[in-house]
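Chain by chain, the residues:
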Amino acid sequence: MKSETIVSGARASGKLHIGNYLGALKQWLELQKKETTQCYFFIADLHGMTTSFNPKELSSNTLDVAATYLAAGIDPKKSIFFLQNHVLEHATLSWVFNCLTPLGELYRMTQFKDKAQSEDQANSGLLTYPILMAADILIYKATAVPVGDDQTQHIELARTVARKFNNRFGKIFPEPQTYMRKPLRIMSLTDPEKKMSKTGDEALLMDDEPKEIMRKLKKAVTATEGGKKSPGVENLFLLLEHFGTKEQTDYFRGQQKNDSLKFSELKEILARDIGNYFVEYREKKQELLGKKEYLAEVLADGANRAHKVAAQTLFEVKQKIGLL
Ligand code: TYM
């Protein structure tokens, strides 16, 4: 008996990095193993259009992220795995939620404020991004949403939307919980005050070979300002805790205490550990990228299964709100 419904996804806006892996994918793999959960994992291709994109990149990013999910261990027999745009009900429900949400609630989202600043001309999809996210989650009546720390404000909005809908039209939606083993935010290598994101040398990709990891780590900022703990160094320790052993962490923490931390040694070990961690993943991914037809089949099957549930929820919603 499945007592929990898990929903999550990642944008199709570039290759996934180790922040995406530790913040999201790793949790998904744990949840997928449980007998009591039904998981829905999708690729947020519609969200991939909220910042500047081009058609060629959008489709290749989508396939790349699909291969990443499968190579990392998402099992399409256990979990429902699909593309967001293939299940049309997401967009319809998102429209309904748009019409229930005051603009002010969207303008205060920190991700909107950050991203709108770095776009030449922010589009309205960037503003309504969390509404589509609420629809992605609520269309399957999710009970929990595994995400990294940066998404908690969006999940809170999904809870608000669910509550508002239920109060006004009658209960349909559970209020989904944010699922996090531990709030996790991996920081950018080059600007460790900011979270790691998908651009440039600031991110270690799941696909990076050890040499490439080392090249990027060499540039990682480790400077300390005014005697404060350096966020760049703490970020490296965070990675070591996840990819290395406890002995390694203790060893380098010891060096740090004595003011004798050897960054080159720490970075070398980290590059080796991260590279090794993803060896099998990288091989599987290469194999999958050569099987485009298989990927398409698996995604079509997932969309079919997702659609059945989504259509039923949308039917209930339409009845409640008076859409014929
Ligand atoms: P995206 O692609 O930006 O991120 C995918 C997942 O990775 C997590 N993440 C991080 N975790 C720790 N440290 C980081 N530096 C870091 N960067 C990203 C994110 O928290 C996320 O869990 N909007 C979503 C995609 C989405 C979604 C949904 C998620 C669309 N609809 C419905 C859950 C439910 C996003 O952030 O994608």
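About the thresholds
Residues numbered from 1 in each chain as written. Predicted model: local features only at pLDDT ≥ 70, side-chain atom pairs only at ≥ 80, totals over all residues. Heavy atoms only, no water. Axes fitted to C-alpha atoms, helices over the stretch in contact; angles between N-to-C directions. Helix = DSSP H or I, 4+ residues; strand = E, 2+ residues; numbered from the N terminus. Parallel < 35°, antiparallel > 145°, perpendicular 65-115°, else oblique. Left-handed = near helix turned anticlockwise from the far one by under 90°. Contact = heavy atoms within 4.5 Å. Nonpolar A, V, L, I, M, F, W, Y, C, P; charged D, E, K, R; others polar. Near = heavy atom within 4 Å. Polar contact = N/O pair within 3.5 Å; in protein donor to acceptor, adjacent residues only side chain to side chain. Areas by Shrake-Rupley, 256 points an atom, 1.4 Å probe, with all protein chains shown as cover. Buried < 20%, exposed > 50% of the residue type's maximum accessible area, 1.4 Å probe, protein only. Phe/Tyr/Trp six-rings, centres within 6.5 Å; stacked < 30°, edge-to-face > 60°. Domains from an automatic or database assignment. Buried area = accessible area lost by both parts, 1.4 Å probe. Core = buried A, V, L, I, M, F, W, Y, C linked by side-chain atoms within 4.5 Å. Pairing = 2+ DSSP bridges. Right-handed = clockwise from strand over helix to strand, strands pointing away. Salt bridge = Lys/Arg side-chain N within 4 Å of Asp/Glu carboxyl O.

A. Up close: the packing of helix 5 (residues 110-118) against helix 6 (residues 124-138). At their nearest, the axes of helix 5 and helix 6 sit 10 Å apart, and the two run at 160° to each other. Judged on the interaxial angle alone, helix 6 and helix 5 are roughly antiparallel. Our pair here, helix 5 against helix 6, has a crossing hand that is right-handed. Along its contact with helix 5, which presents Gln111, Phe112, Lys115 and Ala116, the element helix 6 presents Leu126, Leu127 and Tyr129. Broken down by class, the residue content of the contact of helix 5 with helix 6 amounts to five nonpolar, one polar and one charged.

B. Local environment of the site of the ligand. Looking at the ligand, there are 27 residues lining it, with Tyr129, Asp136, Asp150, Ile186 and Lys198 nearest. Asp136 places a side-chain nitrogen or oxygen 2.7 Å from a nitrogen atom of the ligand. A distance of 2.8 Å is found between an oxygen atom of the ligand and a side-chain nitrogen or oxygen belonging to Lys198. Contact with the protein chains removes 99% of the 710 Å² of surface that the ligand exposes when unbound. Elements supplying a minimum of two residues to the shell around the ligand: strand 1 (4-11), helix 1 (18-33), strand 2 (37-44) and helix 6. Classifying every residue of the shell around the ligand by side-chain character gives 12 nonpolar, nine polar and six charged.

C. Seen up close, the side chain of Ser94. Within the element layout of this structure, Ser94 appears in helix 3 (residues 89-98). Take Ser94: its relative accessible area is 9%, and that puts it in the buried class. In this structure, Ser94 is in contact with Ile131, Leu132 and Ala135, ignoring residues within four places of it in sequence.

D. Representation of the packing of aromatic side chains in the model. One pass over the full model with this rule turns up 17 aromatic pairs. On the numbers, 4.9 Å between centres and 85° between planes, the contact of Phe243 with Tyr277 is edge-to-face. Separated by 34 residues along the polypeptide, Phe243 in helix 9 (residues 231-243) and Tyr277 in helix 11 (residues 263-277) bring together distant segments of the chain. For the ring pair Tyr251 and Phe252, a centre distance of 4.9 Å and an interplane angle of 70° mean the geometry is edge-to-face.

E. Structural detail: the domain arrangement of the protein. Here the domain parsing of the protein yields domain 1 (4-184 + 291-321) and domain 2 (208-277). On a C-alpha basis, the centres of domain 1 and domain 2 stand 33 Å from each other. Taken together, the contact pairs five residues of domain 1 with six residues of domain 2. Interface of domain 1 and domain 2: buried area, both sides summed, is about 500 Å²; carbon and sulfur atoms make up 75% of it. On inspection of domain 1 and its partner domain 2, the count reaches one residue pair in polar contact (both at pLDDT 80 or more).

F. Examining the nonpolar core more closely. Membership of the largest hydrophobic core comes to 58 residues, with the highest contact counts inside it found for Tyr69 and Phe81. Ignoring any residue separated from it by four or fewer positions in sequence, one finds Phe81 in contact with Phe41, Ile43, Ala66, Tyr69, Leu70, Ile74, Pro76, Val298, Leu299, Gly302 and Ala303. Counting residues in each nonpolar core, the second largest holds 41 residues, with Leu106, Leu127, Val145 and Phe165 among its members.

G. Spatial organisation of the pairing of strand 2. Summarising burial for strand 2: eight of the eight residues are buried, a large majority. Here strand 2 shows no split at all, with Thr37, Cys39, Phe41 and Ile43 on one side and Gln38, Tyr40, Phe42 and Ala44 on the other all buried. Pairing of strand 1 with strand 2, which is carried by eight bridges, proceeds in the parallel orientation. Within strand 2, the position partnered with Ser8 by the bridge is Phe41. In terms of handedness, the path from strand 1 via helix 1 over to strand 2 forms a crossover that is right-handed. Of the strand pairs in this sheet, strand 2 and strand 3 (residues 80-83) are connected by four bridges, and their pairing is parallel. Note on strand 3: the bridge partner recorded for Phe42 is Phe82. A crossover links strand 2 with its parallel partner strand 3, the connecting element being helix 2 (residues 55-72), and its sense is right-handed.

H. View of the pattern of salt bridges. Inspection of the entire model under this criterion finds 23 salt bridges. With its nearest N and O atoms 3.1 Å apart, the salt bridge here joins Asp201 to Arg215. Placement of Asp201 in the loop between strand 5 (177-179) and helix 8 (210-218) and of Arg215 in helix 8 is noted, with a sequence separation of 14 residues between them. Arg215 serves as the salt-bridge partner of Glu212, at 3.0 Å between the closest nitrogen and oxygen.

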